[in-house]
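Okay, here's what each chain looks like letter by letter:
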Amino acid sequence: MVEYLTRRESLKRGLTATGILALIPEWSLPALAQGDTDVPFTDMPKNYNPATPGAATRQLDIRKLDGMLTPKDQFFTTQHFTKPEIDAAAYRLKFTGMVHKPTEFTLADLKAMKSVELINGFECSGNSARAMEGLSSCGRFTGVRLSSVLKQLGVDSKAREVVFFGYDRGPLDIAFRQQTYKLEQQFGRSITLEHAMKPEPLIAYALNGDPLTQNQGFPVRLIMPGWYGVANVKWLSEVHLQEERFLGNYQARWYRTLRGVGGTGEDADPQTQWVENEVTHMQLKSVIARVRKTGASHTVLGFVLNDGTPLKSVEVQIDNGPWQKAEMDHANTQFSWKLFSYKWEGATPGEHTLVSRATDANGVVQATAADLKRKKTFLEDNAQFPRKVMIA
């Protein structure tokens, strides 16, 4: 069940802009206690720098993971064009195309509608070991359901596609056969009308109880729970309904996954079928983020990202030994990242390799690197990620 909270429900539970954490159950593992120490990963690149607040691209330093919500000044950020500076008073969100009542909403109009709140964790589809899994975060977003606005405006019976354009724009080279067109283009992504009318998509204007930051799409962005970051369009300027499929640059060309299926598993096998899919829902992934020493024992901490399918288990393996079940945090919700912990007893001095894997309720097990050997594009890398630590 999706955990949405209306503004009234939030107030009943004591939520204010300064009391946002009142809604979040405390993580089952407390913050670092006196005498606790972090065990550093020995496989971290020496030049790894998650970047400073305000940088063009910022990764979350997952080694600092200590709870459900990512602070707004640590939330990962990346984009294809420059970050637009938008005057909140002059802001307008347009609904155009195959709606009965094309309309422009001010920020005040949106805030006057029935609001809901949702904890949502997501990652960039390019997040992987290359980025030390730092292109991921989790926050509490406030806004209005997209479906409620579409129902209010009325949708033409022939509409099939909902396209989201951002205020961010820039020059693009669009190749078509032997020609290249140099165009100024807005960032755009789309979903089907069927997806748009589900309760999950959110037109959001707040993160963790405060207005969105510029990095997170101020003043308004789209939130697509369970989908990769590219679908969560920032600096939202227009929602356009149409009958035809949308084939924008960041829909049909840049964000796609190429996989080989069938045959013997070898690329040269003529029975191999190469299939291209657009990047949409997140693939099941778990990540070990932190290892903490408390007395003679160690605690392995991490998170899971997926499309919202319930989880069956998360397991941790030490040095190719048996898989051991980890504990899931009680604060986890359907679309949050799912925090987990594993108590590691009897760690011996020397270097050790730790890896986690998640299994969902449908029996899907997180992929290994070998499972993904026939995936040619680097996006959607959800392979199990071994981490190395040195025990003194």
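Everything quoted here is computed from the prediction, not taken from an experiment.

**Q** What is the right way to look at the packing of aromatic side chains in this model?
**A** Two descriptors summarise a pair of aromatic rings, namely the distance from one centre to the other and the angle between the planes of the rings. The full count for this structure, using the stated rule, is 13 aromatic pairs. Look at Y91 and Y167: their rings are 6.0 Å apart centre to centre, the planes differ by 55°, and that puts the pair in the tilted class. Of this pair, Y91 sits in the loop between β2 (37–38) and β3 (93–97) while Y167 sits in strand β7 (residues 161–176), placing them 76 residues apart in sequence. The class of Y91 is buried, set by a relative accessible area of 1%. Here Y167 falls in the partly exposed class, since its relative accessible area comes to 32%. Clustering of aromatic rings is evident, with ring pairs tying together F81, F187, Y250, W254 and Y255. Residue placement shows R374 over the ring face of W274; its charged tip is 5.9 Å from the ring centre. The ring of F41 carries the charged tip of R387 above its face, separated from the ring centre by 3.8 Å.

**Q** Any chance you could explain helix α3 (residues 146–153) here in plain terms?
**A** The α-helix winds at 3.6 residues per turn, so residues separated by three or four positions along the chain end up facing the same way. Taken as a whole, α3 has its buried residues at L146, S147, V149, L150 and L153. On an axial view of α3, the arc spanned by its buried residues comes to 160°, and they lie on one face. One or two residues past the end of α3 sits G154, with phi positive at roughly 85°.

**Q** Is there a simple way to think about the pattern of salt bridges in this case?
**A** Should their charged atoms come close, side chains of opposite charge can pair. For the structure shown, the criterion picks out 14 salt bridges. Residue K182 pairs with D173 through a salt bridge whose shortest N-O separation is 3.1 Å. You can call K182 exposed: its relative accessible area is 66%.

**Q** Whenever I open this one, the environment of G346 confuses me. Can you help?
**A** Among the structural elements, G346 can be located in the loop between β20 (338–344) and β21 (350–360). Sequence separation of G346 and S237 is 109 residues, and the distance between their C-alpha atoms is 55 Å.

**Q** I keep staring at the pairing of β20 and nothing clicks. Help me out?
**A** Moving residue by residue along a regular strand, the side chains alternate between the two faces of the sheet. Across the seven residues that make up β20, a large majority, six, are buried. Examined bridge by bridge, strand β16 (residues 297–305) and β20 share seven bridges and lie antiparallel to one another. Residue pairing in the sheet places T299 in a bridge with K343 of β20.

**Q** Hey, could you run me through the sheet that holds strand β4 (residues 103–105) in this one?
**A** Consider a sheet: its strands pair through backbone hydrogen bonds, and that pairing is either parallel or antiparallel. Ordered in space as β4-β3-β12-β7-β8, the five strands form an open sheet in which the pairing is mixed. Among the strands making up the open sheet, the edge pair consists of β4 and β8 (179–192). If you compare each strand with its neighbour and ignore which way they point, the axes differ by 35° on average. In this structure, β3 lies alongside β4, joined through three bridges in antiparallel fashion.

**Q** Mind showing me how you'd approach the side chain of Q384 here?
**A** Checked against the element boundaries, Q384 lands in the loop between β21 and β22 (387–391). Reaching out from Q384, the side chain makes a polar contact with the backbone oxygen of Q366 at a distance of 3.1 Å. Setting aside chain neighbours within four positions, we find Q384 in contact with W323, V355, S356, R357, Q366, A367 and T368.

**Q** Teacher, can you tell me more about the sheet that holds β20 here?
**A** Here we have five strands laid out as an open sheet, ordered β2-β15-β16-β20-β19, and antiparallel in their pairing. Two strands bound the open sheet, and with one partner strand each, they are β2 and β19 (327–328).

Criteria and cut-off values
- Residues numbered from 1 in each chain as written.
- Predicted model: local features only at pLDDT ≥ 70, side-chain atom pairs only at ≥ 80, totals over all residues.
- Heavy atoms only, no water.
- Phe/Tyr/Trp six-rings, centres within 6.5 Å; stacked < 30°, edge-to-face > 60°.
- Helix = DSSP H or I, 4+ residues; strand = E, 2+ residues; numbered from the N terminus.
- Buried < 20%, exposed > 50% of the residue type's maximum accessible area, 1.4 Å probe, protein only.
- Lys NZ or Arg CZ within 6 Å of the ring centre and 35° of its normal.
- Arc of directions from axis to C-beta.
- Salt bridge = Lys/Arg side-chain N within 4 Å of Asp/Glu carboxyl O.
- Pairing = 2+ DSSP bridges.
- Axes fitted to C-alpha atoms, helices over the stretch in contact; angles between N-to-C directions.
- Polar contact = N/O pair within 3.5 Å; in protein donor to acceptor, adjacent residues only side chain to side chain.
- Contact = heavy atoms within 4.5 Å.

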